[in-house]
Amino acid sequence: MTRAAGRMIRAGLALLALVFSVAGLWAQGEQADPQAPIILVTPVEGAIGPPATRHIASVIERAETRGAALVVLRMDTPGGLATSTRDINRAILSARVPVAVHVAPAGTRAASAGTYILYAAHVAAMAEGTNLGAATPVAMGGGAPLPQGGEAPRDEGSGEEGEAPPSPEDAGAQKRIEDAVASIRALAELRGRNADWAEKAVREAASLTAREALERGVIEHLAADTAALAAAADGRTVSVNGTERRLALGDPRIETVAPSLVTRILSVLANPNVALLMMTLGFYGLLYELASPGLGPGVAGAILMLLGLYSLNTLPVNYAGMGLILLGLLLLGLEALSPSFGVAGIGGIVAFGIGAAILIDTDVAAFQVSPGVIVTLGALSGAVVLLLVGAVVGTRRQRPRESAGEMAGAMAEVLSWEDGKGRVRAHGELWRATGPAGLSPGDTARVDSVEGLTLHLRRADGADRKDQS
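Right, let's walk through the structure included here. All figures in this text were calculated on a predicted structure; none of them were measured in a lab.

Here we come to the nonpolar core. Within the largest apolar cluster, 51 residues are counted, with the highest numbers of intra-cluster contacts made by Leu 118, Tyr 119, Leu 132 and Val 218. Every residue in contact with Leu 118, bar those within four places of it in the chain, is listed here: Val 101, Val 103, Ala 124, Leu 132, Arg 193, Val 218 and Ile 219. Met 279, Tyr 284, Phe 352 and Phe 367 belong to the second-largest nonpolar core, a separate cluster that totals 25 residues.

Another point: the sheet that holds strand β12 (residues 411-418). With mixed pairing, 5 strands are arranged side by side around a closed barrel as β12-β13-β14-β16-β15. Shown here is a sheet whose adjacent strand axes are inclined to one another by a mean of 50°, direction ignored. Strand direction decides the pairing type here: β12 and strand β13 (residues 421-426), joined by 5 bridges, are antiparallel. Bridge pairing links Glu 418 to Lys 421 in β13.

All right, on to the packing of helix α2 (residues 50-66) against helix α3 (residues 82-93) then. Contact geometry for α2 and α3: axes closest at 9 Å, N-to-C directions at 5°. The angle between the axes of α2 and α3 places the two elements in the roughly parallel class. Across the interface between the two elements, Pro 50, Ala 52, Thr 53, Ile 56 and Ile 60 from α2 touch Ser 84, Asp 87, Ile 88, Ala 91 and Ile 92 from α3. Here the contact of α2 with α3 is built from residues that sort into 7 nonpolar, 2 polar and 1 charged.

Let us look at the side chain of Arg 191. With respect to the element layout, Arg 191 can be found in helix α5 (residues 168-191). It is Glu 244 that comes nearest to the buried, bridge-free Arg 191 among opposite-charge side chains, at 8.2 Å. Within the local environment of Arg 191, its side chain forms a polar contact with the side chain of His 122, the two groups lying 3.5 Å apart. Here Ser 239 takes part through its backbone oxygen, which lies 3.2 Å from a polar atom of the side chain of Arg 191. Those residues within four positions of Arg 191 in sequence are excluded, and the remaining contacts are Leu 93, Tyr 119, Ala 120, Ala 121, His 122 and Ser 239.

Our focus in this paragraph is helix α13 (residues 343-357). Look at α13: 22 Å from first C-alpha to last across 15 residues, which is about the 21 Å you get at 1.5 Å a residue. All of the buried residues along α13 are Ala 344, Gly 345, Gly 348, Ala 351, Phe 352, Gly 355 and Ala 356. Across the axial projection of α13, the buried residues extend over an arc of 130°, all falling on one side. Those residues of α13 that are exposed and angled more than 90 degrees off the buried face are Val 343 and Ile 346.

For the rest of this paragraph, the subject is unusual backbone geometry. Of the consecutive residues Ala 104 and Pro 105, the connecting peptide bond is found in the cis state with omega at -5°. Turning to its location among the elements, Pro 105 is positioned in the loop between β3 (99-103) and β4 (109-111). For Ala 205, which is not a glycine, the phi torsion comes out positive at approximately 55°. Topologically, Ala 205 is positioned in the loop between α6 (195-203) and β7 (207-209). Judged by relative accessible area, Ala 205 falls into the partly exposed class, the value being 36%.

Moving on to the pairing of strand β1 (residues 38-45). Counting buried residues along β1, 7 of its 8 residues qualify, which places the element largely inside the surrounding structure. Looking at chain direction, β1 and strand β11 (residues 253-256) are connected through 4 bridges and run parallel. If you follow Ile 39 over to β11, its bridge partner there is Ile 254. Direction of pairing for β1 relative to strand β2 (residues 70-76): parallel, over a ladder of 7 bridges. Bridge pairing in β2 places Pro 43 opposite Arg 74. Crossover handedness for the path β1 to α2 to β2: right-handed.

Rules behind the numbers
Residues numbered from 1 in each chain as written. Predicted model: local features only at pLDDT ≥ 70, side-chain atom pairs only at ≥ 80, totals over all residues. Heavy atoms only, no water. Core = buried A, V, L, I, M, F, W, Y, C linked by side-chain atoms within 4.5 Å. Buried < 20%, exposed > 50% of the residue type's maximum accessible area, 1.4 Å probe, protein only. Contact = heavy atoms within 4.5 Å. Pairing = 2+ DSSP bridges. Helix = DSSP H or I, 4+ residues; strand = E, 2+ residues; numbered from the N terminus. Axes fitted to C-alpha atoms, helices over the stretch in contact; angles between N-to-C directions. Parallel < 35°, antiparallel > 145°, perpendicular 65-115°, else oblique. Nonpolar A, V, L, I, M, F, W, Y, C, P; charged D, E, K, R; others polar. Lys, Arg positive; Asp, Glu negative; His and termini not counted. Salt bridge = Lys/Arg side-chain N within 4 Å of Asp/Glu carboxyl O. Polar contact = N/O pair within 3.5 Å; in protein donor to acceptor, adjacent residues only side chain to side chain. Expected span 1.5 Å × (residues − 1). Arc of directions from axis to C-beta. Right-handed = clockwise from strand over helix to strand, strands pointing away.

The structure is reproduced here in structure tokens:
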């Protein structure tokens, strides 16, 4: 009776455990419903440039592969490059998955380039305490904004009616303004948003708060976070690459996609200050290698210079500035290898400084070379030039350290040798030398006599032995 009761108890406990296991698996399956819509959220922070373009394109591609219901670009940007903005908008317009721009959390903004990207998105939303606008092209890579209303300035002193012929700069600014207006109005009409305010944002650098943007039809939703955005946009119909699609976002699986390691590295390399530093330090590494072969900094210098050139290739470079920088580095190299009492060196510093100041062809502050970096590199180059000139002057004022008589009998280390001649080091100086044919690098020989700047050597033991072949 006792054994039977024990078996019954054990069987009951096993059954109970099985029930709990099945219930747990069922609950876990319910929690991770494979049929739940997927929303991929990724941060877009800082200036819009090539790294942001690459990251957004990769997230959209991942969303298409996984069949996501929505991509959310959580945006906080002061603006960026016009070329990168166009590339991002092209990726959004050709995407096979809906893309939402969400300016969040509170305190963030979608200024300048961010406004264009928001207008291109299928869904536009903002959190309370955010703002957007100020989309005049001057903030996106060049050109001055036109006066209020976008009219070209008149010639007040002509006394004639009508507008004066615009200067080339005014004409260029007018073209940029009109192109930007046409672009953002086209996006507004495509998405059914306020095109008149969009034009005002371009011509007059107008801005709006989140609630004002909602009231004026610039955005569709106010949402504090992604979950609130999904709830607000659920059931909305959008046009995705020419096809009407109804957003089914109920009870979604929200996943955050962080920038990849490659994108983060590219973000560092796309900084013009980093690019200029790498190019300059790489140049000095190569220069040091040329001056003292075999020490090894030339390898690091070559790598740094190539990385610097790659970095500049991702940015809108002014080729006149690039040419001046290369000219400055060339003059500094000539000063180092063939000192000219600072003439080439000073010219190199001036050319380098001017070139660095105009290197990047954009008015976006985030993509400008810092004046501090220019001054620091200029001072470093100046210090190098002063040291070189000082060394040359000191050498020319110094009387010869060793006379021919004093050099006779001194020991010399063979550095390179072929057919009875080569280079040696004696008394800490490099000399041309002639002597026995059997010497090889690393051998020690004795100075027999001096003729001009050439040493005549004999073997250290005094016996000139012939090579045994």
